[in-house]
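# Reading the structure
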Amino acid sequence: MADVKAVVFPACAALCALAFLYKLRDVRHRRDDPALLALLVAFSCKGVSFTLSTPLVARKVDVALGVDDLGALGIHLFGGVASSAAFLTAIVYWVYPREEAQRRALVRLLAAAAVAVVMIGLWVAAKHGGQQRSAHYLVQNVHRPVVAAYLLLYVSAFGSGMIEIIRLCLRYGRVAGRQWLRRGLHTTAVGAGACLVYCLNRLLALITSQCGLDPLEWELLTPVANGVGIFFLVAGLTMPSWGPRVSDGRRMARNFITYQRLHPLWHALSTAVPGIALDPQPAGRLARLLPGDINFRLYRRVIEIQDGLLALRPYMDSDIIAAARRSADEAGLSGDALQAQAQAVSLAAALRAKRDHRQQPGEEPAPLGPDATRGGGYADEVAWLLKVAQAYTVLPSAETSTETSAETTERTTR
């Protein structure tokens, strides 16, 4: 058991230190934010508690200060009473108006202070028994009435804080307007639930010890519940800060992939109609892979493709479009997939006609596009152009094909 705690608890302490340093960066801009200050206190208290929970550290602290089981008292005060009150204070300031949050936080902090004073008194009273240092203070001394009262008070303070955190997180997580705040509250509730399991385990030790059972047999639950609990607490309480950056990163990655998938279609159009490109100079492979502001570059690419399709409309043949639609329908395509296939085939024919300077006589065909009943936002246009680009890239090269436009249409839509 000591080996497990010697690995898990230092890792938990390191996680708390990382969370503390991560939130510490915000102090410069948010000095007057009580929720931020409460989080810093909570992470520091938890970090101290997990450091003291490491068996080697707890033993050295007791030896250095000459007081047996002083480390155990520090674990319970910092990791249970103080940290739960600080975590709850931060959440209270998140979900309540400032004035009401101040009142609720003050009540909780005063209660925590009172519990801490009583716990210290009980711990001092327990020392008069003259017992030797215990590797597992609560479990090995729970049969003593004073320690049993100490345990009940500790578990009540810690557990009630976790229950209140779960209640607030689940209640306000359902109505939180910001997506990452909602996710953070739900994740925090999971962490508080794991800590509550630890509290119940300590309460079970009090009951089973009266029945002659040894609570050390399932002491493995202590590092497991604490490890899981602090992981989700740290993740949930910092999620509103780093979550939006994750969304931005995913959006940039998605836009980069879209940018690359649209390149063949854009390249064909910009080669035929160079005037559509904002930068008329051909971009090299490195510039394509490192486009800079990917959101802006994708937006420009969409606009330039639209301009290219518009410029090629005089070269598009209504008969080819109709034949492409029939062939796509026979191939089992429908909806936007059918429209995109017809657009790709007519585009290939229009590029050949543009190269040969052959404009189509008569009225220009109606533009193809996504289903008009869905509305026409930017996201819909990007999705539509992706379908066209995908259909266009599987067409045989217009430069090497010797077939007529109708033959090309029939073959590519089979």
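What counts and how
Residues numbered from 1 in each chain as written. Predicted model: local features only at pLDDT ≥ 70, side-chain atom pairs only at ≥ 80, totals over all residues. Heavy atoms only, no water. Salt bridge = Lys/Arg side-chain N within 4 Å of Asp/Glu carboxyl O. Helix = DSSP H or I, 4+ residues; strand = E, 2+ residues; numbered from the N terminus. Buried < 20%, exposed > 50% of the residue type's maximum accessible area, 1.4 Å probe, protein only. Expected span 1.5 Å × (residues − 1). Polar contact = N/O pair within 3.5 Å; in protein donor to acceptor, adjacent residues only side chain to side chain. Axes fitted to C-alpha atoms, helices over the stretch in contact; angles between N-to-C directions. Parallel < 35°, antiparallel > 145°, perpendicular 65-115°, else oblique. Left-handed = near helix turned anticlockwise from the far one by under 90°. Contact = heavy atoms within 4.5 Å. Nonpolar A, V, L, I, M, F, W, Y, C, P; charged D, E, K, R; others polar. Patch = residues over 30% accessible without salt bridge, like charges linked within 9 Å, V, L, I, M, F, W, Y side chains within 5 Å. Areas by Shrake-Rupley, 256 points an atom, 1.4 Å probe, with all protein chains shown as cover. pLDDT = per-residue confidence, 0-100.

With that out of the way, let us pick up the pattern of salt bridges. Where charged atoms of side chains with opposite charge meet at close range, the side chains can pair. In total, this model carries twelve salt bridges according to the counting rule given. Taking the shortest distance from any N to any O, the salt bridge between Glu100 and Arg104 comes out at 3.1 Å. Residue Glu100 and its partner Arg104 are both found in helix H5 (residues 98-127); the two are separated by four residues, about one turn of the helix. For Arg251, the salt bridge goes to Asp248, with nearest N and O atoms at 2.7 Å. Placement of the pair is Arg251 and Asp248 together in helix H9 (residues 221-261), with a separation of three residues, close to one helical turn.

Moving on to helix H10 (residues 263-272). Counting buried positions along H10 gives seven out of ten residues, so the element sits mostly inside the fold. Along H10, the residues that are buried comprise His263, Leu265, Trp266, Ala268, Leu269, Ser270 and Ala272.

Taking 1.5 Å of rise per residue, 20 residues should cover 28 Å, and helix H2 (residues 34-53) covers 28 Å from first to last C-alpha, within 8% of that figure. Along H2, 15 of the 20 residues are buried, which leaves the element largely enclosed by surrounding structure. One side-chain oxygen of the residue at the start of H2 lies 3.1 Å from the amide nitrogen of Ala35, identifying that residue as Asp33.

This part covers the packing of helix H4 (residues 70-95) against H9. Close contact between H4 and H9 brings their axes to 12 Å; oriented N to C, the two are set at 30 degrees. When the interaxial angle is binned, H4 and H9 end up roughly parallel. At the point where H4 passes H9, the crossing takes the left-handed sense. The segment H4 lies against H9, with Phe87, Ile91 and Trp94 engaging Leu233, Leu237 and Pro240. Split into classes, the residues belonging to the contact of H4 with H9 amount to six nonpolar, no polar and no charged.

Another aspect to go through is unusual backbone geometry. Phi is positive for Asp69, close to 65 degrees, though the residue is something other than glycine. For Asp69, the location among the structural elements is in the loop between helix H3 (55-65) and H4. We note that His357 has phi near 60 degrees; this positive angle belongs to a residue other than glycine. Positionally, His357 belongs in the loop between helix H14 (335-355) and helix H15 (378-393).

A cluster of nonpolar side chains, Val4, Leu220, Val224 and Val228, forms an exposed patch at the surface whose accessible area comes to about 280 Å². By secondary structure assignment, the location of Val224 is in helix H9.

Looking now at the confidence of the model for the protein chain. A low pLDDT means the predicted coordinates there should not be read in detail. In the predicted model, the protein chain carries a mean pLDDT of 85, and the fraction of residues at 70 or more is 88%. Scored below 50 in pLDDT, residues 398-414 makes 29 contacts in the model with residues more than four places away or belonging to other chains.

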